[in-house]
Amino acid sequence: AAAKKGPGALVAFEPAIDTISNDQRFIHRELPRALSANELELHYQPIVTASGGKIVGVEALLRWTHATRGPIPPATFIPVAEQMGLMDTLGAFVLRRALQETKRWPDLYVAVNLSPLQVRDRAIIDLVRTSLEESGVPPQRLMLEITEGVLIDNPDEMVKRIEDLHGLGVRIALDDFGSGYSNLGYLQRFPLDKLKIDRSFVLALGTSANGGVLIQAIVALGRALGLSTTVEGVETEQQRVLLRLAGCDEMQGYLFAKPAPAKAIDKLLAQAKQAGEPPAAKSLTA
Ligand code: C2E
Ligand code: MG
Ligand code: MG
Ligand code: MG
């Protein structure tokens, strides 16, 4: 296309925009159908104690397996769902399904991710309250995961929102901590219960002799503020040992178990119970 002066100059970017909107158009067309066709489901990833490897919770992670395209990652379709105004429907689906499925694991908590749009909308309070009532799951067993970014834009309103959510009796985790803005003042300002330390810090463990220093500092900071810590993305035995030394409370990662359907979690828990002890990491990753 011929370049023009003025608004027409944007013509040069058309190919890229077309590429993005093709994907978006696909998701836009397919996502509503996928919701009603049951193509969306939740997988659950165990969260274990750092001390003994006991499963204490699960994180619900959205999965979309398209009939012809196969698996589409949540990081790809969730932003599109947000743009097209489908996040309400999707968010409600996730919360309800997670609470329904989690009833069978009365000893575990379930962590549910909230997208920034969900947190910004006051309607989240009613959704969480009614979903809890419907399911009968005690609020303490629900952990809502929010990301730092959402707290930045409108801190005053967000303080209120997080306080209201907390007031329902649910717990709040700050997800991917350390990956973004990490305004430390926020740790005091918002009623948080847990820091989920970003996987990037785990990767740093292997790359330098003092790679564990940052994790130790975050764990200490969390402890000083009364927050528990979960480290995400633990993949190796060596990482597990170092993280345990660093003093984190809980761990999550492929070393222990990959996200899996509820039925697979049933099996894991049954195995663990039969063994009378936390199952070895190897049997969990099979
Ligand atoms: P997240 O909440 O930080 O979830 C952890 C991600 O790390 C998951 O990716 C999980 O599969 C992956 N993971 C877990 N252990 C390991 C490991 O040992 N190594 C590696 N490399 N990765 C590991 P997933 O399922 O693709 O989800 C990506 C992101 O999509 C999530 O990050 C979350 O931000 C978002 N997401 C997923 N499900 C939902 C949902 O139901 N609602 C919302 N709003 N966001 C969701
Ligand atoms: Mg999360
Ligand atoms: Mg995370
Ligand atoms: Mg993450």
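Here, the structure is the one placed above.
Not measured: the values here are computed from a predicted model.

Peer 1: Got a minute to help me understand the site of ligand 1 in this structure?
Peer 2: For ligand 1, the set of nearby residues contains 22 residues, the closest of which are Arg63, Asn113, Asp175, Glu235 and Tyr254. One of the side-chain N or O atoms of glutamine 45 is found 3.0 Å from a nitrogen atom in ligand 1. At 3.1 Å from a nitrogen atom of ligand 1 is found a side-chain nitrogen or oxygen belonging to arginine 199. Coverage of ligand 1 by the protein chains reaches 81% of its 800 Å² of free accessible surface. It is strand β2 (residues 55–66) that contributes the most residues to the shell around ligand 1, 4 residues altogether.

Peer 1: What is the right way to look at the nonpolar core in this model?
Peer 2: Within soluble globular proteins, side chains that are nonpolar generally end up buried alongside one another. Of all hydrophobic cores here, the largest spans 80 residues; its most connected members are Tyr44, Val128, Leu142 and Leu144. Sort the elements by how many residues they give to this core and helix α3 (residues 87–102) lands first, with 8 residues. Val56, Tyr109, Ala111 and Met143 belong to the second largest nonpolar core, which has 6 residues in total.

Peer 1: In this structure, what is going on with the packing of aromatic side chains? I would like to understand it.
Peer 2: Each pair of aromatic rings is reported with the distance of its centres and the angle of its planes. Under the criterion given, the structure shown has 3 aromatic pairs. Between tyrosine 44 and tryptophan 105 the ring centres are 5.1 Å apart and the planes differ by 75°, which places this aromatic pair in the edge-to-face class. In this pair, tyrosine 44 is assigned in strand β1 (residues 40–49) and tryptophan 105 in the loop between α3 and β4 (109–113), connecting sequence segments 61 residues apart. Here tyrosine 186 and phenylalanine 190 contribute two aromatic rings whose centre-to-centre distance is 5.4 Å and whose plane-to-plane angle is 75°, an arrangement assigned as edge-to-face. The same class applies to tyrosine 186 as to phenylalanine 190, namely buried. Its guanidinium or amino end placed over the ring of tyrosine 109, arginine 171 lies 5.0 Å from that ring's centre, counting from NZ or CZ. The positively charged end of lysine 258 is found above the aromatic ring belonging to tyrosine 254, 5.0 Å away from the centroid.

Peer 1: I'm lost on the pattern of salt bridges in this one. Help?
Peer 2: It is possible for side chains of opposite charge to pair when their charged atoms get near one another. Within the structure shown, the criterion is met by 16 salt bridges. The partner of arginine 104 in a salt bridge is aspartate 266, with the nearest N and O atoms 2.6 Å apart. Within this pair, whereas arginine 104 is found in the loop between α3 and β4, its partner aspartate 266 is found in helix α12 (residues 262–275), the two being separated by 162 residues in sequence. On the basis of relative accessible area, arginine 104 is assigned to the partly exposed category, the value being 37%. Its relative accessible area of 29% is what places aspartate 266 among the partly exposed residues. Among the ionic pairs, aspartate 126 bridges to arginine 129, the shortest N-O distance being 2.5 Å.

Peer 1: How should I be thinking about the packing of helix α5 (residues 123–135) against helix α7 (residues 155–167) in this particular structure?
Peer 2: Packed helix pairs are specified by the crossing angle of their axes together with the interaxial distance, meaning the distance between the axes. Where α5 meets α7, the axes come as close as 10 Å, and the angle between the chain directions of the two elements is 10°. By the angle between their axes, α5 is roughly parallel relative to α7. Contact with α5, carried on its side by Ile124, Ile125 and Val128, involves Arg161, Asp164 and Leu165 of α7 and no other residues of that element. When its residues are assigned to classes, the contact of α5 with α7 shows 4 nonpolar, no polar and 2 charged.

Peer 1: Sorry if this is basic, but what is going on with the side chain of histidine 43 here?
Peer 2: Residue position: histidine 43 is located in strand β1. Setting aside residues no more than four positions away along its own chain, histidine 43 makes contact with Glu59, Ala60, Leu61, Arg63, Pro259, Ala260 and Pro261.

Cut-off values and rules
Residues numbered from 1 in each chain as written. Chains lettered and ligands numbered in written order. Predicted model: local features only at pLDDT ≥ 70, side-chain atom pairs only at ≥ 80, totals over all residues. Heavy atoms only, no water. Near = heavy atom within 4 Å. Polar contact = N/O pair within 3.5 Å; in protein donor to acceptor, adjacent residues only side chain to side chain. Areas by Shrake-Rupley, 256 points an atom, 1.4 Å probe, with all protein chains shown as cover. Helix = DSSP H or I, 4+ residues; strand = E, 2+ residues; numbered from the N terminus. Core = buried A, V, L, I, M, F, W, Y, C linked by side-chain atoms within 4.5 Å. Buried < 20%, exposed > 50% of the residue type's maximum accessible area, 1.4 Å probe, protein only. Phe/Tyr/Trp six-rings, centres within 6.5 Å; stacked < 30°, edge-to-face > 60°. Lys NZ or Arg CZ within 6 Å of the ring centre and 35° of its normal. Salt bridge = Lys/Arg side-chain N within 4 Å of Asp/Glu carboxyl O. Axes fitted to C-alpha atoms, helices over the stretch in contact; angles between N-to-C directions. Parallel < 35°, antiparallel > 145°, perpendicular 65-115°, else oblique. Contact = heavy atoms within 4.5 Å. Nonpolar A, V, L, I, M, F, W, Y, C, P; charged D, E, K, R; others polar.

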